[in-house]
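Architecture at a glance
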Amino acid sequence: MRLIIAFVAAALAPTCALGLWYLYGQFATFDSSDPYIWIRTRGFLLICLVISAAHVVALGIPAYLLLRWRRALRWWSALLSGFVLGAVPVGIFSWPLRYSGPGSSSSVNGVDTMVDGIPTMAGWVQYLGGISFFGACGALAAAAFWVVRCMISNDSFKPNPLRGSAYFRR
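Scope of this entry: the structure provided in the associated data block.

This part takes up the overall build of the protein. In terms of helices and strands, the protein carries 4 helices and 3 strands. The burial tally for the protein puts 29% of its 170 residues in the buried class. Taking all contacts inside the protein whose residues are at least 6 apart in sequence as the whole, residues at least 24 apart take part in 61%. A total of about 11,700 Å² of accessible surface is found on the protein, and carbon and sulfur atoms cover 70% of it.

Structure follows, in C-alpha cells:
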C-alpha cells in the first residue's frame, strides 16, 4: 500500500509544481478577476497529470523494480533515475537534428537557433535547458516518491493480532 501511495505522490508532485508555475504566469499575464484563469489552469493540470502518470507507470515503476532487483535503490539512485527518466523522452522527441533540413532556419526572440539546417550554440543551449527542465520534474517526482516511501513505515498498514487469542499462540 505504501508503494502505491508513493507512486501517486510521484505523479502528483510535478503536476502540482507545474500547476503553480502556470497559475503564477496566468495571474502575471491576465487580470486576477478573469474567470478563465481557472479554466485554463484546470486544463493544464489535467494534461500535466496524464503525462506525469504515464511517465510513472511506463517508466517509473519498471525503474523502481530494476533498482530494487539490483539492490541499488538509494535516495541518490532514485533522484538520478528520475532525472534521466524525465529528460530522455523529451530529449528524444525534441532532438533538433530530427526536423532540420537543408535551408531550414529558426529563431527564438530574435536569436538564431538553427541556421541552414544546423543548430547554433544558442539552439543547443535552448535544447539542453528544456531537457534539464523536464529532468528536474523527474527528479522532483523521484524525491516525492522517496520521501513518501520512507515516511510510511512497513507496519502502518498491517493489522495487529489480538492479544490473548488462542489462534495466534500456536
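After presenting the structure, the write-up continues.
Moving on, we come to the packing of aromatic side chains. Inspection of the entire model under this criterion finds 10 aromatic pairs. When the ring of Tyr22 is compared with that of Phe44, the centres are 4.3 Å apart and the planes differ by 10 degrees; the resulting orientation is stacked. Of this pair, Tyr22 sits in helix 1 (residues 2-29) while Phe44 sits in helix 2 (residues 36-69), and the two are 22 residues apart along the sequence. Relative to Tyr127, the ring of Trp95 lies with its centre 5.7 Å away and its plane at 80 degrees, an arrangement referred to as edge-to-face. With Trp95 in the loop between helix 3 (75-93) and strand 1 (106-108) and Tyr127 in helix 4 (residues 121-151), this pair connects stretches of sequence that are 32 residues apart. Owing to a relative accessible area of 36%, Trp95 belongs among the partly exposed residues under this scheme. The class of Tyr127 is buried, set by a relative accessible area of 12%. In textbook terms, an aromatic cluster arises when at least three aromatic residues are bridged by ring pairs, as seen for Phe7, Tyr64 and Phe145.

Before going further, it helps to examine the pairing of strand 2 (residues 111-115). In this structure, strand 1 lies alongside strand 2, joined through 3 bridges in antiparallel fashion. Along strand 2, the bridge assignment pairs Ser106 with Met114. Taking the residues that link successive antiparallel strands as the turn, the strand 1-strand 2 hairpin has 2 residues, and the phi of Asn109 there is positive, at about 50 degrees. Connecting strand 2 to the antiparallel partner strand 3 (residues 118-119) that follows it, the hairpin turn spans 2 residues, and Asp116 within it adopts a positive phi of roughly 55 degrees.

Ranked by internal contacts, the top residues of the largest apolar core, which has 15 residues, are Phe7, Ala10, Val56, Tyr64, Phe145 and Val148. Counting only elements with at least two residues in this core, the list comes to helix 1, helix 2 and helix 4. With 6 residues, the top contributor of residues to this core is helix 1. Ignoring anything within four residues of it in the chain, the contact list for Phe145 reads Leu3, Ala6, Phe7, Ala10 and Tyr64.

Taken together, the 3 strands give an open sheet; going across it, the order is 1-2-3, and neighbouring strands pair in antiparallel fashion. Among the strands making up the open sheet, the edge pair consists of strand 1 and strand 3. Lying on the sheet, helix 4 is in contact with strand 1, strand 2 and strand 3; it crosses strand 2 at an angle near 95 degrees.

Analysis parameters
- Note that residues are indexed from 1 along each chain, following the sequence as it is written.
- The predicted nature of this model means local features are confined to residues of pLDDT at least 70 and side-chain atom pairs, given and counted, to a pLDDT of 80 or more, with totals for whole chains, interfaces and linings taken over all residues.
- In computing side-chain values, all of the structure's heavy atoms are included and hydrogens and water are not.
- Starting at the N terminus, helices and strands are each numbered in turn, a helix being any DSSP run of H or I of at least four residues and a strand any DSSP run of E of at least two.
- With a 1.4 Å probe rolled over the protein chains alone, any residue whose accessible area is under 20% of its type maximum counts as buried; one over 50% counts as exposed, and the rest are partly exposed.
- Residues count as neighbours in contact if any of their non-hydrogen atoms are within 4.5 Å of one another.
- Each accessible area is a Shrake-Rupley result for a 1.4 Å probe, and residues are judged covered by the shown protein chains and nothing else.
- We call Phe, Tyr and Trp rings a pair once their centres come within 6.5 Å, taking the six-membered ring for Trp, and we label the pair stacked below 30 degrees between planes, edge-to-face above 60, and tilted otherwise.
- A pair of strands is considered paired only if DSSP assigns at least 2 bridges between the two.
- We define the nonpolar core as a collection of buried residues of types Ala, Val, Leu, Ile, Met, Phe, Trp, Tyr and Cys that are connected through side-chain atoms lying within 4.5 Å of one another.
- Helix axes use the C-alpha atoms of the stretch in contact, all axes being lines fitted to C-alpha atoms, and the angles between their N-to-C directions lie in the range 0 to 180 degrees.

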